[in-house]
Amino acid sequence: MHAKDILIDAYGRIQEEVHATVDGLSPDDLNARPSADANSVCWLIWHLTRVQDDHVADASGLDQVWLTEGWEKRFGLGLPRLDTGYGHSSAKVARVRVDSGALLTGYYDAVHEQTLGYLRGIAAKEFERVVDERWDPPVTLAVRLVSVLSDDLQHVGQAAYVRGLVRSAAS
């Protein structure tokens, strides 16, 4: 098995978990915050998708689907166009709301398709290419893809936990 096949499988698992976490939740459930400063399922899924969209697009030379496919307008959050949620205050977290889980999963699926399309075309030697020289050591494509994978898995796990809290509070 090649490294890109492992990454394709791993990113597929994120997609499965995003759908499992969002499916069946009402808008109130998606937007609920377990405490005043906690993240909602909505914010966590939106954020992990924005990070994947931003980072993979940057590393691959592709455009973000957030902009090219009109997701920014569909979400209508009133945030800066390239905002990924990094460093959001509690007030900004509160602005990330949806009326439907289909908006979250639709955006994730679009980003996932772009990610998979890119991964399928990668040659093994490309993983060594430096994509970010602001770090010491500089970040290679392989490191960036694993970093996004790790971040997304953590956030989807957090979202699943929040889902459980919200659902148990409703019963």
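Quantities reported herein were computed from a predicted structural model and do not represent experimental measurements. (Residues numbered from 1 in each chain as written. Predicted model: local features only at pLDDT ≥ 70, side-chain atom pairs only at ≥ 80, totals over all residues. Heavy atoms only, no water.)

Help me understand the overall build of the protein chain in this model?
The helix and strand inventory of the protein chain stands at eight helices and two strands. The secondary structure elements of the protein chain, listed N-terminal to C-terminal, are α-α-α-α-α-α-α-β-β-α. The C-alpha radius of gyration of the protein chain comes to 16 Å, within 12% of the 16 Å expected for a compact globule of 171 residues. Out of the 171 residues belonging to the protein chain, those deemed buried represent 46%. Counting every atom, the protein chain has about 8800 Å² of accessible surface; 53% of that belongs to carbon and sulfur. Mean positive and mean negative side-chain charge positions of the protein chain (17 and 25 charges, respectively) differ by 3 Å. (Helix = DSSP H or I, 4+ residues; strand = E, 2+ residues; numbered from the N terminus. Rg over C-alpha atoms; globule rule 2.2 N^0.38 Å. Buried < 20%, exposed > 50% of the residue type's maximum accessible area, 1.4 Å probe, protein only. Areas by Shrake-Rupley, 256 points an atom, 1.4 Å probe, with all protein chains shown as cover. Lys, Arg positive; Asp, Glu negative; His and termini not counted. Charge placed at Lys NZ, Arg CZ, Asp CG, Glu CD.)

So what exactly am I meant to see when it comes to the nonpolar core here?
For soluble globular proteins, the rule of thumb is that nonpolar side chains tend to be buried together. Ile45, Trp46, Phe75, Leu104 and Leu145 are the most contacted members of the largest nonpolar core, which totals 48 residues. The set of elements that each furnish at least two residues to this core consists of helix H1 (3–22), helix H3 (41–60), helix H4 (65–68), helix H5 (71–75), helix H7 (101–120) and helix H8 (141–170). Every residue in contact with phenylalanine 75, bar those within four places of it in the chain, is listed here: Trp46, Trp66, Val98, Leu103, Leu104 and Tyr107. (Core = buried A, V, L, I, M, F, W, Y, C linked by side-chain atoms within 4.5 Å. Contact = heavy atoms within 4.5 Å.)

When you look at the packing of aromatic side chains in this model, what are you seeing that I'm missing?
We describe a pair of aromatic rings using the distance from one ring centre to the other and the angle between the two ring planes. Enumeration over the complete set of coordinates arrives at five aromatic pairs. Ring geometry for tryptophan 66 and tyrosine 107: centres 5.1 Å apart, planes at 50°, overall tilted. Remark: tyrosine 107 occurs in helix H7 and tryptophan 66 occurs in helix H4; sequence separation between them is 41 residues. Accessibility classification places tryptophan 66 together with tyrosine 107 in one group, the buried group. Using a relative accessible area of 1% as the deciding quantity, one classes tyrosine 107 as buried. Sitting over the ring of tryptophan 71, arginine 74 keeps its end group 3.8 Å from the ring centre. (Phe/Tyr/Trp six-rings, centres within 6.5 Å; stacked < 30°, edge-to-face > 60°. Lys NZ or Arg CZ within 6 Å of the ring centre and 35° of its normal.)

Just to check I follow, could you spell out the pattern of salt bridges for this structure?
As a working rule, side chains carrying opposite charge can pair if their charged atoms are close by. Overall, the coordinates contain six salt bridges when judged by the stated rule. Residues glutamate 72 and arginine 81 are paired through a salt bridge, measuring 3.4 Å at the closest nitrogen-oxygen approach. For glutamate 72, a relative accessible area of 18% translates into the label buried. For the salt bridge of arginine 134 with aspartate 132, the shortest nitrogen-to-oxygen distance reads 2.8 Å. Salt bridges sharing common partners tie together Asp132, Arg134 and Arg144. (Salt bridge = Lys/Arg side-chain N within 4 Å of Asp/Glu carboxyl O.)

Is there a simple way to explain the environment of valine 162 in this structure?
Here valine 162 lies in helix H8. Measuring from C-alpha to C-alpha, the distance between valine 162 and glutamine 64 comes to 27 Å, with 98 residues separating the pair along the chain. The residues touching valine 162, leaving out its near neighbours within four places in the chain, are Ala32, Pro34, Asn39, Ser40, Val41 and Leu44.

Teacher, can you tell me more about the side chain of asparagine 31 here?
Turning to its location among the elements, asparagine 31 is positioned in helix H2 (residues 27–31). A distance of 2.8 Å separates the side chain of asparagine 31 from the backbone oxygen of proline 27, its partner in a polar contact. Apart from the residues lying within four places of it in its own chain, the contact partners of asparagine 31 are Ser40, Cys42, Val96, Arg97 and Val98. (Polar contact = N/O pair within 3.5 Å; in protein donor to acceptor, adjacent residues only side chain to side chain.)

What is shown is where atoms sit, not what they do.
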